[in-house]
Amino acid sequence: MPRITVNGITVDFPYQPYACQEAYMAKVLECLQKKVNGVLESPTGTGKTLCLLCSTLAWQEHYKDTISARKIAQRLGGAELFPESSWGNVAPDDDISTYYTDIPKIIYASRTHSQLTQVINELKNTVYRPKMCVLGSRDQLCIHPEVKRMESNHMQIYMCKKKVMARACHFYSNVEEKSTEKDLMNSIMDIEDLVKKGNKLRACPYYLSRSLKQQADIIFMPYNYLLDSKSRKAHNLDLRGTVVILDEAHNVEKLCEESSSFDLTPYDLASAIDAVDVVLEEQAKVVQQNEVNAEFNMELASSGLNMELEDIAKIKKILLQLESAIDAVELPPNDSGVTKEGSYIFDLFAEAQITFQTKSSLLDSLEQILQYLSGRPGIFVNTSGLHKLLGIIQTVFNIDAPEGATDLRLHQSISKYYKVHIHLDESNQKKQKTDLWNSSSTRKEKTLSYWCFSPGYSMHELVRQGVRTIILTSGTLSPLSSFTMEMQIPFPVRLENPHVIDKHQLWVGIISKGPDGTVLTSTYERRFSEDYLSSLGKTVGNLVRVVPDGLLVFFSSYPVMDKSLEYWREHDLASRIEEVKSMFVEPRNKGSFSEVIDAYYNRVVCPKSSGAAFLAVCRGKASEGLDFADRNGRGVIITGLPFPPLMEPRVVLKMQFLDEMRRRGTGSQCLSGREWYNQQASRAVNQAIGRVIRHRQDYGAIFLCDERFSTDNMRCRLPSWVRPYVNVYDNFGHAVRSVSIFYRVAQEVMPLPLPQGPSGSAGSQSESDAVPSTSSEQTLCLRKAKHLDDHVPSLQRKRKASEDGASSLCMEYEPKLVSPKRPRIGLLDALERSEKSSEGTEEENDLSGEEKAQRLSTLSLQHEKRLADEQKGGKKKIKLVSNTQAEKKPNPTENKRTRAASYLATVKKTLSQESYKLFSAALQDYKIRDDFLAVLSQMSALFIGDEENHVLLREFYQFIRPHHKKQFDEACYNLTGEGCGYKPEHSLPLEGQDILARSLGEKPV
């Protein structure tokens, strides 16, 4: 493996690093060497994880070598062992200890264990073999059958603790002996490997990981273990002198706030009171039984709970007082909720005798009650409310009151980060029991919310723990300035890395208008308007025909996505999209997500499909860390700006809080409410568009379909690696043409991705089960176009002269279809057709088969009804026209010729000389070869660019042969937003039209 020197440190890297990777490692090492914090953005696919691991572990090894060199120098009386070598060299200003125990541990934290597993797999690909461990919860690591059967996570915790204290868990008993095994200490294991190893050794994986943590050089954990003070204490984390790396840190801000906040609902309190009631009743029975036993000198009974009955009753009284204190808060007449300073939480809790002085004894009592309930036989008692209350008290009294500190100073400190909001309970949960004497049907329950509005609160906590360096890194942290302001700790080292891709691998377009010229803007006022929803549907309907394979469509929220889908289905826009790509919709229920995403992956790789479209929301599961590499994500459409809901109390209070902080004098060190609001939308967009390029050989397009993206304010918030590629398109046709060229070039230049098989969980589904589609692919699967030349005229002309139209069609596209006579649906899919062997009589013979295929593929019940309605309307119109036509008795053939001549004259006048030559050649070619798709691509390229010429494309309908008229009408509708007035009788052969026209007295089309 290559060995490179970065900042004086020799780093072993698996391959020769790119320039951006060396720059990234240099910044990481700068943070470590100078003991400062850093925020580093590097796009997905740039090898960020590998750079982090190699640079930090190389620095740690160098640190060890330096200690060794100093110890040797001391024994040699100050002489160096290798004076000519850089081994053990250290900069004069580096503060290097002379004890091996002081070597800084590396704590590598990411959002989820699945992400940590990917990181650990990357570590296996390096030459570094540090002592490591991965931390997890009992729910993930416990292998004791009885504990695993417990109903909830917190019940597992107390059952486990009880067995450990009683030495009743043989898995725990084996930990001390097995934890020193070399095979265990020197292995690189993710959480699944650790469980397997624990089962093999018959030793508890949970306590094995805690034991390995003591000697580990690098510790992996989800980052809530670090940021949540309760989790930090539970895992006994000592952070003094450690290097903390928070990967995928775009979520850190949110997690910092949420881990320090809570919502206490009436249901939580009622549940806690009921649980204490159960204990109180059972202890009262034990006391009564012992009174009887004492009378007769019998052995006293024991419940296992070492608490006096009076103490349990005091706990219940405290909970009832807290409930009354919350209920006593007066809300405004409009029930909008009341907001108070963060320090008010101490006043409220003091009314229930919960203070800094009483918190320790109260927490001990709650712990004992929970421990008792976890091991108690009989009917299950819901302890979730009691467990939540325990966590709430720990959160409120997280900071011990300093000796001699006044209440005022403490209250001011808390108010700097928090707000208390009391509002009506909107949850669907009800109290388990109700006091019939005190309650009334009109009584409104209240929820107590204690919200932290500053991620800096958790960051300052980390700094107070004595960490050496904090490195925040992700693919999407832009804009960095506002991100670091939110953290409220200094980040002297910053980096916005470019991507490792080339220019031909990314296309970014801001599309401000749809195909029909309607401005695309999903503002609150316009997001549900009919013209916007219609134009957006037509935009997506056109782009699915251009983007190969998988396409992701992100909406700003679930209501917007639901409303858009509803409108598209009602107005036949959804069916037009599904004719080309099956649509899959991100479910709100996380349980069914994997099933839907697997079905999407399967459809994309299906050799008989033309890809699929996945509709999702920004900030949803699909936009967070999910992999849409290669064919799974060749394009991403952003349909709007996902601002947080402006009327939500937490959002309103956050903005007010930030404005208040700014007024108090922190000045530029704090974001304004409006800046934060804009930042949230930008960050969500950046996270979603990060799905498109996942590695060095990937390529794709980003469509920003909202005119607000064209403002400088929004463009500067895009990631630095995206900004150089951005182009603004005021004309939809120009955007389609540009991206078509992009895909053609990318498909020619880029290597083919490795073949992907269907994913496991959806692999057993049948095609019809896996795809929620009403389109024709369930009957007649479409094949994906390999190149775009055939429907982009300028690209078609660039083909090699040796290729004639027919042979190149066979070479560039897969021609074998399930049915050679199926309808050609769109610009891409329609190209995939078998060649006609001859014209004339065979054309007439094929008609019935084509009509049959057409019926099978397109006539759903709704479509049949629409056709029937159109036929009725058409007949009425024909009858009305026939009365006037009968008087004039014109020659139909002469009218047709006059109309055609007039049209040709208009086209000649409109187009340039060169373009008119292309028009004439395409018309002649269609006349000779009957190649509908070739003529459609030529005409659309000539007339779509300028909206004023859209009518010329529709008027070309008169030159289209009967068996192609329906397709042309649909294509015009998709491209221009308006059809050509197609009627079913237009698809009849010319002889049939003549007969019909004579019988009705109307001219044939």
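Residues numbered from 1 in each chain as written. Predicted model: local features only at pLDDT ≥ 70, side-chain atom pairs only at ≥ 80, totals over all residues. Heavy atoms only, no water.

Some points on the overall build of the protein chain
For the protein chain, the helix and strand inventory stands at 41 helices and 20 strands. Summed over all atoms, the accessible surface of the protein chain reaches about 45500 Å², with 51% contributed by carbon and sulfur. (Helix = DSSP H or I, 4+ residues; strand = E, 2+ residues; numbered from the N terminus. Areas by Shrake-Rupley, 256 points an atom, 1.4 Å probe, with all protein chains shown as cover.)

So, the packing of helix H23 (residues 530–546) against helix H40 (residues 962–976)
Relative orientation of the contacting elements H23 and H40 amounts to 115 degrees, with a least axis distance of 8 Å. Touching Lys538, Asn542 and Arg545 of H23 are Tyr973, Asn974 and Leu975, all from H40. Within the contact of H23 with H40, the residues separate by chemical class into 2 nonpolar, 2 polar and 2 charged. (Axes fitted to C-alpha atoms, helices over the stretch in contact; angles between N-to-C directions. Contact = heavy atoms within 4.5 Å. Nonpolar A, V, L, I, M, F, W, Y, C, P; charged D, E, K, R; others polar.)

Focus: the sheet that holds strand S6 (residues 218–222)
Taken in spatial order, the 7 strands line up as S5-S6-S4-S7-S12-S3-S13 in an open sheet, and their pairing is parallel. The sheet terminates laterally at strand S5 (132–134) and strand S13 (493–496), the two strands that pair on one side only. Pairs of neighbouring strands in the sheet enclose a mean axial angle of 15 degrees, with direction left out of account. Two elements, strand S3 (residues 38–41) and strand S12 (residues 469–474), share 4 bridges in a ladder whose sense is parallel. Across the sheet, residue Gly38 finds its bridge partner in S12, namely Ile471. Across the face of the sheet, helix H1 (residues 19–34) comes into contact with S3, strand S7 (243–246), S12 and S13 while running at roughly 165 degrees to S13. Against the sheet, helix H22 (residues 480–487) engages S3, S12 and S13, with an angle of about 145 degrees to S13. (Pairing = 2+ DSSP bridges.)

Things to note about the nonpolar core
Among the nonpolar cores identified, the biggest contains 94 residues, and Phe220, Leu226 and Leu246 are the most heavily contacted of them. Here Leu246 is in contact with Ala109, Tyr223, Leu226, Leu227, Val252, Met459, Ile471, Leu472 and Thr473, once residues within four sequence places are set aside. Tyr158, Leu322, Leu363 and Val420 belong to the second largest nonpolar core, which has 55 residues in total. (Core = buried A, V, L, I, M, F, W, Y, C linked by side-chain atoms within 4.5 Å. Buried < 20%, exposed > 50% of the residue type's maximum accessible area, 1.4 Å probe, protein only.)

What to know about the sheet that holds strand S16 (residues 582–585)
The strands that make up a sheet are held in pairs by hydrogen bonds between backbone atoms, and each pair lies either parallel or antiparallel. Taking strand neighbours across the sheet as the criterion, the 7 strands line up as S16-S17-S15-S18-S19-S14-S20 in an open arrangement whose pairing is parallel. Both outer strands of the open sheet, S16 and strand S20 (726–729), are each paired with one neighbouring strand and no more. Between one strand and the next, the sheet's axes are offset by a mean angle of 20 degrees, whatever the strand orientation. Here strand S15 (residues 550–555) pairs with strand S17 (residues 612–617) via 6 bridges, running parallel. Among the inter-strand pairings, Gly550 is bridged to a residue of S17, identified as Ala612. Strands in contact with helix H26 (residues 593–605) are S15, S16 and S17; relative to S17, the strand with the most contacts, it is inclined by about 150 degrees.

A closer look at the pairing of strand S10 (residues 418–424)
Judged by how many residues are buried, S10 sits mostly within the fold: 7 of 7 residues are covered. Sheet analysis places strand S9 (residues 338–341) next to S10, joined by 4 bridges and oriented antiparallel. Opposite Val338, over in S10, you have Ile422 as the bridge partner. In this structure, S10 lies alongside strand S11 (residues 446–452), joined through 7 bridges in antiparallel fashion. Counterpart to Leu424 in the pairing with S11 is Lys446.

Thoughts on the packing of aromatic side chains
The tally for this structure, following the rule as stated, stands at 38 aromatic pairs. Ring centres of Phe555 and Trp568 lie 6.1 Å apart, and the angle between their planes is 50 degrees; this geometry places the pair in the tilted category. In this pair, Phe555 sits in strand S15 while Trp568 sits in helix H24 (residues 558–570), placing the two residues 13 residues apart along the sequence. With a relative accessible area of 1%, Trp568 lands in the buried category. Grouping aromatic residues by their ring pairs yields a cluster made of Tyr903, Tyr916, Phe919, Phe932, Phe943, Phe956, Tyr957, Phe959 and Phe968. Directly above the ring of Tyr344 sits Lys340, whose terminal nitrogen or CZ lies 5.0 Å from the centroid. (Phe/Tyr/Trp six-rings, centres within 6.5 Å; stacked < 30°, edge-to-face > 60°. Lys NZ or Arg CZ within 6 Å of the ring centre and 35° of its normal.)

A word on the pattern of salt bridges
As a working rule, side chains carrying opposite charge can pair if their charged atoms are close by. Applying the stated rule across the entire model yields 35 salt bridges. Between Asp268 and Lys388 there is a salt bridge, and its shortest N-O distance comes to 2.7 Å. Remark: Lys388 occurs in helix H19 (residues 384–396) and Asp268 occurs in helix H15 (residues 266–295); sequence separation between them is 120 residues. With a relative accessible area of 8%, Asp268 lands in the buried category. Measuring nitrogen to oxygen at the nearest pair gives 2.8 Å for the salt bridge that ties Asp931 to Arg929. For Arg929, a relative accessible area of 35% translates into the label partly exposed. Several salt bridges share partner residues, and in doing so they unite Lys27, Glu30 and Lys34 into one network. (Salt bridge = Lys/Arg side-chain N within 4 Å of Asp/Glu carboxyl O.)

Structural notes on the side chain of Asp268
Of the polar contacts made by the side chain of Asp268, one reaches the side chain of Thr265; its length is 2.9 Å. Apart from the residues lying within four places of it in its own chain, the contact partners of Asp268 are Asp263, Gly385 and Lys388. (Polar contact = N/O pair within 3.5 Å; in protein donor to acceptor, adjacent residues only side chain to side chain.)

Examining the pairing of strand S4 (residues 106–110)
Summarising burial for S4: 5 of the 5 residues are buried, a large majority. Every second residue of S4 is oriented toward a common face, with Ile106, Tyr108 and Ser110 on one face and Ile107 and Ala109 on the other, all of them buried. Judged from the 5 bridges that link them, S4 and S6 form a sheet pairing that is parallel. When the sheet's bridge partners are listed, Ile106 is paired in S6 with Ile218.

Comments concerning the environment of Gly456
If you trace the backbone, Gly456 turns up in helix H21 (residues 456–464). Taking the relative accessible area as the measure of exposure, Gly456 reaches 0% and is therefore buried. Measuring from C-alpha to C-alpha, the distance between Gly456 and Cys256 comes to 7.9 Å, with 200 residues separating the pair along the chain. Beyond its immediate sequence surroundings of up to four residues, Gly456 is in contact with Tyr417, Glu486, Met487 and Gln488.

Details of the confidence of the model for the protein chain
Residues at a pLDDT of 70 or more form 77% of the protein chain, whose mean pLDDT is 78. The low-confidence segment residues 432–442, where pLDDT is below 50, has 7 contacts with residues more than four positions distant or belonging to other chains. This stretch, residues 757–890, has a pLDDT under 50; its non-local contacts, to residues over four places away or in other chains, come to 220 contacts. (pLDDT = per-residue confidence, 0-100.)

Side note on the environment of Leu135
Checked against the element boundaries, Leu135 lands in the loop between S5 and helix H4 (138–141). When residues no more than four places from it in sequence are discounted, the contact partners of Leu135 are His113, Ser209, Lys213, Ile219, Phe220, Met221, Pro222, Tyr225 and Leu237.

Details of the state of the cysteines
Under the counting rule described, the total for this entry stands at 0 disulfides. Of all cysteine sulfurs, the one in Cys51 lies closest to Cys20, which takes part in no disulfide; the gap is 7.3 Å. Of the residues examined, Cys20 reaches a relative accessible area of 8% and is grouped as buried. Here Cys452 stays free of any disulfide, with the sulfur of Cys256 as its closest cysteine sulfur at 8.2 Å. Owing to a relative accessible area of 0%, Cys452 belongs among the buried residues under this scheme. (Disulfide = S-S within 2.5 Å.)

Overview of the packing of helix H37 (residues 913–929) against helix H38 (residues 932–943)
Look at H37 against H38: their axes get within 9 Å of each other, and the N-to-C directions meet at 160 degrees. For the element pair H37 / H38, the angle class is roughly antiparallel. Crossing geometry of H37 relative to H38 is assigned as left-handed. Of H38, the residues touching H37 (which contributes Ser915, Phe919, Ala922, Leu923, Asp925 and Tyr926) are Phe932, Ala934, Val935, Gln938, Met939, Leu942 and Phe943. Across the contact of H37 with H38, the residue classes break down as 10 nonpolar, 2 polar and 1 charged. (Parallel < 35°, antiparallel > 145°, perpendicular 65-115°, else oblique. Left-handed = near helix turned anticlockwise from the far one by under 90°.)

With respect to a positive patch on the surface
A cluster of basic residues, Lys254, Lys590, Arg619 and Lys621, forms a positive patch on the protein surface. Relative to the assigned elements, Lys590 resides in the loop between S16 and H26. Lys590 sits in the exposed class, given a relative accessible area of 66%. (Patch = residues over 30% accessible without salt bridge, like charges linked within 9 Å, V, L, I, M, F, W, Y side chains within 5 Å. Lys, Arg positive; Asp, Glu negative; His and termini not counted. Charge placed at Lys NZ, Arg CZ, Asp CG, Glu CD.)

Some details on helix H3 (residues 113–124)
A rise of 1.5 Å per residue sets the reference length of H3, with its 12 residues, at 16 Å; its end C-alpha atoms lie 16 Å apart and thus fit the reference within 8%. Regarding H3, the residues found buried are His113, Gln115, Leu116, Val119, Ile120 and Leu123. One face of H3 carries all of its buried residues, which in axial projection span an arc of 150 degrees. (Expected span 1.5 Å × (residues − 1). Arc of directions from axis to C-beta.)

Focus on unusual backbone geometry
At Asp630, a position not held by glycine, the phi torsion is positive, near 55 degrees. Structurally, Asp630 can be placed in the loop between S17 and strand S18 (635–638). Unusually for a residue other than glycine, Asp930 sits at a positive phi of about 60 degrees. Tracing the chain through its elements places Asp930 in the loop between H37 and H38. On the accessibility criterion, Asp930 (0% relative accessible area) is buried.

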